[in-house]
Amino acid sequence: MIDDKIIEDLQKQIDELKAASQQQVEEIRVKMLGKKGEITRLFEEFRTVQADQKRLYGQKLNTLKNNMLSKLEALKASVENQEGPKGPAEDLTLPGDRMPLGARHPISIVREEILSIFKKFGYSVAEGPEIEDDWHVFSALNFPPEHPARDMQDTFFINNQTANNILLRTHTSSVQVRTMESQSLPIRVVCPGRVFRNEAISARAHCIFHQVEGLYIDKNVSFADLKQSILLFAQEMFGADTKIRMRPSYFPFTEPSAEVDVSCNICKGKGCSICKGTGWLEILGCGMVDPNVLIANGIDPEVYSGFAFGMGIERIAMLKWQVNDLRHYFENDVRFLREFETVI
Ligand code: PHE
C-alpha cells in the first residue's frame, strides 16, 4: 500500500536524520535504500498502485528517493568534517606511484627494423589476409599441383562446405600475388605478416611464425640488383662489416633461387656454437621471379623481370639476441618480454 501519509512520514524522517559517524550513515542508507530498505519497499509496492495514479506516485517516490540520496551526501560530508583528516596529512613531496610501462614485443621490434630498412630503399609495405585460397598461396606462384607444400603435412586447410581450397597462408608470398593483381608496375613492396605451417612445436620450429617477404619488379632488374639489395639489408641489420654468401637453392616461384647466409656476427666468422662452427648463419631465401609467376599474374616476362626474397622474423630476432628457443616468442612470459624494455 502506498499513500500520501506514508510518503510524508518518510520525508519527515529523512529531514530529521542525523549521523555521527560514517558507520551510522551507512546504517541509514541500508535502512532506507538497502535491499529491504523502506524506500526500496515502496518501490516494490508501486506495482500495486492503480494505473491512473501511477504517474503521480511515480513522481513522488522518485522525489523521495532523490531527497534521501541528497541527505546521505549531506550527512557524509558533515561526518567527514567532524571526524577530521585521519592520521598525518598527505606528504605531497613524496614521489608518485610509477605506472608500469609495457614493452614492445621483440618480434614487433625486429619487424619494424626490417621494414624501416626496406622503406629507406624505396619499398612500400603491403599486407593481406591470413586466410587465403590456393591460388594466392600456391597456384599463382608456380607450385605444381603435386608439390609437397600443398600436402596436409604442411598446410592447414580450412573445412568449408562450399570451397575446398581455403587455407591458412604458409608464407606471405600471397601478398605479393595480391600486389601484382592490384598495383601497376614497377612494384617494390615488403609484406610482413603471420604465417602458419603444420609443424610440431619445438625450440627450432613453430606452427605459427612471422615473415617479411619482398618483391621488386621493373624493367632490367637483375640478379646483381638482388645480391646488392640483400647485402645492403644485411649490413644495415647486422652491422657494416657483415658479409653475405649465396647458395643455390630451389623455390617454385624463383629461378634461379638462392639461400643467403650472413657472416656470424657473434664470432665474426671464426666459428662458434651459434653458427655451429661454420662462421655463417642462414637468414633468407630469394631468387629471380620465375617467368611463369609473371605470366600467371599478367606481367610480360619479355619486358619485365624481378626478384623476391623472404625471411622469418623469429629467425632474425634469434640471431640478433641469441635467443635459443623459438617458443619464448609465443609464450609471452613477462620475464622474457621485459628483457626488451630498453631496446626501443
Ligand atoms: N616464400 C618462401 C618461404 O616461405 C621464401 C621466399 C620468398 C623464397 C621469396 C624465395 C623468394 O619459404
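In this report, we go over the structure that sits alongside the text.

Thresholds, definitions, all that
- Going along each chain's sequence as written, the residues are numbered from 1 onward.
- Two thresholds apply to this predicted model, a pLDDT of at least 70 for residue-level local features and 80 or more for giving and counting side-chain atom pairs, whereas whole-chain, interface and lining totals are computed over all residues.
- Where side-chain values are given, they derive from all heavy atoms of the structure, hydrogens and water being excluded.
- Only the stretch in contact is used when a helix axis is fitted, and all axes are lines through C-alpha atoms; the angle between N-to-C directions ranges over 0 to 180 degrees.
- Put simply, DSSP marks the helices as runs of H or I at least four residues long and the strands as runs of E at least two long, and each gets a number from the N terminus on.
- Roughly parallel refers to an angle under 35 degrees, roughly antiparallel to one over 145, roughly perpendicular to one between 65 and 115, and oblique to any angle outside these ranges.
- By convention, the crossing between two helices is left-handed when the near helix turns anticlockwise from the far helix through less than a right angle, and right-handed when the turn is clockwise.
- Contact definition: two residues touch when any of their heavy atoms are within 4.5 Å.
- Under this grouping Gly is polar, as are all residues other than the nonpolar Ala, Val, Leu, Ile, Met, Phe, Trp, Tyr, Cys and Pro and the charged Asp, Glu, Lys and Arg.
- We call a residue near a given molecule or strand whenever any one of its heavy atoms falls within 4 Å of it.
- Pairs of N or O atoms within 3.5 Å make up the polar contacts considered here, provided that, within protein, one atom can donate a hydrogen while the other can accept it, and that residues adjacent in sequence are counted only when both atoms are side-chain atoms.
- We get accessible surface area from the Shrake-Rupley algorithm with a probe of 1.4 Å; when it comes to residues, only the shown protein chains can shield them.

### Quick word on the packing of helix H1 (residues 4-16) against helix H3 (residues 38-45)
Angle between the axes and distance between the axes are the two parameters that describe a pair of packed helices.
Next, step 1: Taken N-terminus to C-terminus, the directions of H1 and H3 make an angle of 160 degrees; their axes are 11 Å apart at the nearest point. Between H1 and H3, the angle is such that the two are roughly antiparallel. As H1 runs across H3, the sense of the crossing is left-handed. Where H1 abuts H3, its residues Ile6, Ile7, Leu10, Gln13 and Ile14 lie against Glu38, Ile39 and Leu42.
Next, step 2: Here the contact of H1 with H3 is composed, by residue class, of six nonpolar, one polar and one charged.

### Comments concerning the site of the ligand
Next, step 1: Around the ligand, the surrounding shell holds 13 residues, and the nearest of these are His171, Ser173, Arg197, Gln211 and Glu213.
Next, step 2: Ser173 is positioned with one of its side-chain polar atoms (N or O) 3.2 Å from a nitrogen atom of the ligand.
Next, step 3: Side-chain polar atom of Glu213 to a nitrogen atom of the ligand: 2.7 Å apart, as the coordinates give it.
Next, step 4: Relative to its free-state accessible area of 320 Å², the ligand is covered by the protein chains to the extent of 89%.
Next, step 5: Broken down by secondary-structure element, the contributors of at least two residues to the shell around the ligand are strand S5 (208-218), strand S8 (280-289) and strand S9 (305-312).

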